[in-house]
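# Structural overview for review
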Amino acid sequence: MPDTKLPQIPPEELAERLDRGESLQVLDVRAPDKVARGRVAFGPVEFHALPNSQIFRLPDVRDLNLDAARPVAVICGHGNSSKQTTAFLRERGYDAYSVVGGMAAWEMVYVARRLSPTPSLSHVIQFDRIGKGALSYVLVSDGDAVIVDPGRHIERYDVLFTEIGATPAAVVYTH
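The present account deals with the structure reproduced in this document. (Residues numbered from 1 in each chain as written. Predicted model: local features only at pLDDT ≥ 70, side-chain atom pairs only at ≥ 80, totals over all residues. Heavy atoms only, no water.)

## What about the sheet that holds strand S1 (residues 8–9)?
A sheet is described by the order of its strands in space; here five strands give the open sequence S1-S5-S4-S2-S3, paired in parallel fashion. Since the sheet does not close on itself, it has two edges, and those belong to S1 and strand S3 (46–49), each with one partner. Two strands pair when backbone bridges link them, and strand S4 (residues 72–75) and strand S5 (residues 96–99) are joined in this way by three bridges, in the parallel orientation. Within the sheet, the bridge partner assigned to Ala73 lies in S5 and is Tyr97. With respect to the sheet, helix H4 (residues 81–91) is in contact with S1, strand S2 (25–28), S4 and S5, its orientation differing from that of S5 by roughly 175 degrees. (Pairing = 2+ DSSP bridges. Helix = DSSP H or I, 4+ residues; strand = E, 2+ residues; numbered from the N terminus. Contact = heavy atoms within 4.5 Å. Axes fitted to C-alpha atoms, helices over the stretch in contact; angles between N-to-C directions.)

This is the structure in structure tokens:
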């Protein structure tokens, strides 16, 4: 029976909190081969990994080596298995949250990093897709913006253009 009150954290919020330097723990409940292909490695994260099936068989939850005084973001592939573990941990006194959409959603999170402007550019912004690394750049001069290598998710830049008062003038693909 699904618990509609189960605390969840959107992957964007998890990224923002890690980017601010918050001391969070991440518990990845996927199979080891999937963890080896990609995991949450962003900011000052304390990372733990153990498949759900093994977590539920632990004689003592303290064997996970999680700090009960700090929040735990529980992540799986698509946000389903993590709910079970989140409920399990919360029943045992942990401040646990299921990451909405799991790693599939985490790999689509973009973080805008404002770099130093130049004499001719009022804004230089690097977009990192945190699951993959630096993705693209937005360069703004006299209110006109150029997007360099935006990938296929160009609509993600709309909020930024409104925020900085720029108009997209061109898109440049370098590869």
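## Observations concerning the nonpolar core
Nonpolar side chains tend toward joint burial in soluble globular proteins. The biggest cluster of nonpolar side chains holds 17 residues, and the ones touching the most others in it are Leu14, Leu18 and Trp106. Secondary-structure elements contributing two or more residues to this core are helix H1 (11–19), S4 and helix H5 (102–106). The element contributing the most residues to this core is H1, with three residues. Within the second largest apolar cluster, 14 residues are counted, among which are Val29, Leu50, Val61 and Phe88. (Core = buried A, V, L, I, M, F, W, Y, C linked by side-chain atoms within 4.5 Å. Buried < 20%, exposed > 50% of the residue type's maximum accessible area, 1.4 Å probe, protein only.)

## Some thoughts on the pattern of salt bridges
This structure, assessed with the given rule, holds 13 salt bridges. Where Glu22 meets Arg17, a salt bridge forms, and the shortest distance between an N and an O atom there is 2.8 Å. A salt bridge links Arg113 to Asp128, with the shortest nitrogen-to-oxygen separation between them at 2.8 Å. In this pair, Arg113 sits in strand S6 (residues 110–115) while Asp128 sits in strand S7 (residues 123–129), placing the two residues 15 residues apart along the sequence. Among the residues examined, Arg113 registers a relative accessible area of 24% and is labelled partly exposed. (Salt bridge = Lys/Arg side-chain N within 4 Å of Asp/Glu carboxyl O.)

## So, the side chain of Arg30
Relative to the assigned elements, Arg30 resides in the loop between S2 and helix H2 (32–37). Polar side-chain contacts of Arg30 include one of 2.7 Å to the side chain of Asp28. Polar side-chain contacts of Arg30 include one of 3.3 Å to the backbone oxygen of Lys34. In contact with Arg30, other than residues within four places in its own chain, are Val35, Gly38, Arg39, Pro51, Ile75, Cys76, Gly77 and Met103. (Polar contact = N/O pair within 3.5 Å; in protein donor to acceptor, adjacent residues only side chain to side chain.)

## Here we look at the pairing of S2
Covered by surrounding structure in S2 are Gln25 and Leu27 together with Val26 and Asp28, the residues of both alternating faces. Taken together, the four bridges between S2 and S3 define a ladder with parallel strand orientation. By the bridge assignment for S3, Val26 is matched with Phe47.

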